Amino acid sequence: MNLAALSLLRPTRFGWAFLGLTVLTLIGCINYGLSLGYGLTFLLSAVWVTGAAQARRLARSLSLALHAPAEATAAHPVTFSAQVTQTGGAGRVQVRGLAGTETVDAWAYLDGGETQHLPLTLPQPRRGPLTLRAEVFALDSFGLWLARSAAQVEAEALVAPAPEPAPPAPPTLAAAGEGDTGQRMSGSDDFAGLRPYAAGDAPRLISWRHAARTGQLVTREFDSPLGRALALDWAATSGDTEARLSRLAGWVALARSTQTPFRLSLPERTLPVGAGEGQVRAALHALALHPPLPAAPVEKPSSDFLARPAWLGGPAAPAVAALPLPTTPLQFSLLALGVALVPGLLRSPFWSSLLILGLLTYRGLQAEPARRLAPLPPLLLGLLAVGAGLGLNSHYGTLLGADGGTAILALLLALKAAETGTVRDARLLSLLGLFIVSTHFFHDQGPLTALHVLLATTLLLSAAARWMNPDGGLNLLPRPLLGQTGRLLLLSLPMTVLLFVFFPRPDGPLWQLPVQQGARTGLADEITAGEFSNLAQSTEVAFRADFSGELPPQDELYWRGPVYENYDGERWTQVRRRFANPSVEPIATAPLWTYTTTLEPSGKPWLLTLDVPMNYPRPTILTSGFQTVTLRPSGLRTRYDWQSRAARLGRIESSERLDFDLLLPAGQNPQALALAAQWRTLEPRQRVQAALAYLQNNNFSYTLSPPTLPAENRVDAFLFGTRQGFCEHYSSAFAVLMRAAGVPARVVGGYQGGEVNPNGGYLIVRQQNAHAWNEVWLEGEGWVRVDPTAAVAPARIRTDLTTALAQPRAAAPLQKTRLEQLKLRFDALQNQWNTWVASYDGEQQRSLLSRLGVRDTTSPLYLLGLLALAGLLLLPALAFLRRSARPRDPALLALYTLTQRLGLARGPGETPSAYAQRAAAQSPEQAELLHAIVQTFNRLRYGREPGADTLQALQEQVRKVQRVKR
């Protein structure tokens, strides 16, 4: 954009703040990989650009006329009248006047076709000629951009000296004689004769009798004795120039009030004796221009009116902002803010949410004058901020993480709303609300969150637009305004989608600042009694797996997670020692499974794969315990592409590890040790079978609510007492039996199975699928999976948890209810959303662009092409804004169409007749048609009973005008 264009269009301070918000959200999206955050950022960016086009369109449809006052007095306010007409769409306008170094502003909200007269008042003008140059600006719907109209006008007023408040009596002229012999002057006492009529003579002075006899108009004249006139002489005054002029101005005011004739004598000019308004104005004119004129200030005025925009930030803004806030716009802003905060309120502690709602509600009630509620004292607000901050820090353990950080931001925003008292603060609430909305993506990027963000964004932008015309209605929910905001968002969607898909996305963050999350449901770092049974109560999704081709059998779906090898008699934990890497030997004849996992946020490093992955996406590794882990755990939903194949694991294993996996705490579980000692004479594999047979044949049951086990000899209490448990009970007892029998054993945590969604053919693995099984090391075979739970409840491995609890030995899952089928359909939509929207990242973008033949997203040519496409997608928005800027009045719309066909714009205040004459001079061949159009327009606008046929005739005549190519 060139400098000339920049001088015609610039962001307001609110617009700069809005742009800063989009930059801030973009940085957050890059750093934390918030895919939907990109969408919100690009939507706000498109709104910012669309607002510029709208402001420019509105500015082009403005016209301005400026009228100077008839009289002006120094040191007293002088008011010019600016006549502004908006022929296009509705919008807020600003008229700025510049007189020397002084700037004056006026604002108004104009509907399409409306004209308003706005006062431009200069508080203390100097004596002399006062020239005011005025320009008019248009703002877009949200107040982001200020566009200068081409209408620039000037008007000049003559500022007379300030009259002395109580001047002494002025001298009078001496009379030269009495009656007819004395000198006389123009006055109103005696009849002096007749003279020819002149334009402007009062009708009461016309001699109508003489006009009836002769047919000619004549005016009667009167005079008065000369001795009754005042002598306003420069020599009769004293002091400096301005003091003398002030006294003379006071005498002129006295002569006007008493209707006394006077003579004015100045050093360089003398007005003869006279009376009336003409004499007074001539005297004031002479006094105003008497040299020397007061010196102007040394400061040079800015030639660029936009250098200091007054609307919400310029010199006159504090006076506007000091006015009481209108009730309805403020309540609407608070309502929009409340909607934006809803997800955070559901996550925050109850007392914090209640405090936020209380602050917003109190401020909304306080806005109603009838309630007369006092503002909350600043000291109380400060104490609430400190106390609530301490409470949230105690609840979350920190205020820097996603949970604690967003909670304290919501609370501070509510406190800001409670002390809002200016228009600037009220509009700032919309920006802060948009920032809060963007933080919701730290917690969830599902379709429901996206819908909420879109709703909250519409309300917050509408609240910002509501302050452009705060007196524009009493309804709390302004439907036309919401519709206008919705249309502008729809116009911004094409550009948003383009940038979302093609804007380059880095693979890594700008800096390492992990998003700390609160406790989430998922696999823990250790196993204690009840750990997995608690998870089984949750139906939350842990991850989804989408296979290319056929799905593996249900009993082969063991999603490997943490490996627990250290046992202290009560809990199993992961080992922290380093062991030599064991061998991994993929079985070539085993099927190769190709799949994609989409993991829900957990903050844990393990990635849950089938044994054993053949590929490792960066930055992932395979540990010596065959756990697939990432070096950068994510608090967000992530996707990974895998290929897995069954393998012999650890056939070559370090003796140090094998010895470690035989350790048992001393003095614990003597009955279990005695039972396992009986199997030591058997082959290792037979020892495994003996332990499984013991579990299968001794009335063990599978339940989510087992009896509580004692802290000491827990395995004995389970094997020989309660005999009721969940997977962690069986895996823990089995590992103890194997170690006691001399077979290295450990516990493996993860998930088993998954629910096949027939609507998408993918697996849904929920937290209730969390499972614990065992691995035993056998000579020549390595680590072999053993699932003791399957010996008690084979349905847990063959079907699902619900079926296993109801029918432990069932071979097929129970029939799905209609509600469960409906949930699966919704989950299929969720999965597609995760695949193409929420998990869209740099890798997917590069894959898409490579199919389109684009290899380098950082080249200047690519970025220029992206900007060009974005510009093309703005064309529909520009076309809509151009159409919305047209006059709504059918007659004015016909004239507007005429100007478009002729390629000749109407000037500010130019009448249709004057425009037709100017257009006819450029297109003489259409002069007759143009004259007919004006006649039809005048008949439609000013005729007594214009009908629909008149409008139709006008439109038909305009269509006949030939287009002029420019």
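Placed above this text is the structure.
Residues numbered from 1 in each chain as written. Predicted model: local features only at pLDDT ≥ 70, side-chain atom pairs only at ≥ 80, totals over all residues. Heavy atoms only, no water.

Participant: Pulling in residues and values, what's your account of the pairing of strand 4 (residues 78–86)?
Facilitator: The pairing of strand 2 (residues 62–67) with strand 4 spans six bridges and is antiparallel. Its bridge partner lying in strand 4, Ala65 is registered against Gln83. Sheet analysis places strand 4 next to strand 7 (residues 114–122), joined by nine bridges and oriented antiparallel. Along strand 7, the bridge assignment pairs Gln83 with His117. (Pairing = 2+ DSSP bridges. Helix = DSSP H or I, 4+ residues; strand = E, 2+ residues; numbered from the N terminus.)

Participant: So what about unusual backbone geometry? Which residues, and what values?
Facilitator: The peptide bond linking Pro291 to Pro292 adopts the cis configuration, its omega dihedral lying at -5 degrees. Looking at where Pro292 falls in the secondary structure, it is placed in the loop between helix 6 (277–288) and helix 7 (317–321). The omega torsion of the bond from Asp611 to Val612 falls at -15 degrees, within 30 degrees of zero and hence cis. Considering the arrangement of structural elements, one finds Val612 in the loop between strand 21 (592–599) and strand 22 (620–622). Of note, Phe626 is a non-glycine position whose phi angle comes to about 65 degrees, a positive value. Along the chain, Phe626 falls in the loop between strand 22 and strand 23 (628–630). Looking at Phe626, the relative accessible area reads 3%, which means it is buried. Positive phi is not limited to glycine here, since Asn699 has a value of about 60 degrees. Note on placement: Asn699 falls in the loop between helix 18 (684–696) and strand 26 (701–702). The class for Asn699 is exposed, based on a relative accessible area of 72%. (Buried < 20%, exposed > 50% of the residue type's maximum accessible area, 1.4 Å probe, protein only.)

Participant: Would you mind going over the pairing of strand 13 (residues 262–266) in detail, with residue names and values included?
Facilitator: With four of five residues buried, strand 13 lies mostly within the body of the structure. Sheet topology places strand 12 (residues 230–233) next to strand 13; four bridges connect them, and they run parallel. Bridging across to strand 13, Leu230 finds its partner in Phe262. For the handedness criterion, the β-α-β arrangement of strand 12, helix 5 (residues 241–258) and strand 13 is classed as right-handed. Across four bridges, the pairing between strand 13 and strand 14 (residues 269–274) is antiparallel. When the sheet's bridge partners are listed, Phe262 is paired in strand 14 with Gly274. (Right-handed = clockwise from strand over helix to strand, strands pointing away.)

Participant: So what's going on with the side chain of Asn774? Residues and values would help.
Facilitator: With respect to the element layout, Asn774 can be found in strand 31 (residues 770–778). Residue class for Asn774 comes out buried when judged on its relative accessible area of 0%. Looking at Asn774, its side chain comes within polar contact range of the main-chain oxygen of Arg746, at 3.3 Å. In this structure Asn774 touches Tyr730, Ser731, Phe734, Ala735, Arg746, Val747, Val784, Arg785, Val786 and Pro788, once residues within four positions along its chain are discounted. (Polar contact = N/O pair within 3.5 Å; in protein donor to acceptor, adjacent residues only side chain to side chain. Contact = heavy atoms within 4.5 Å.)

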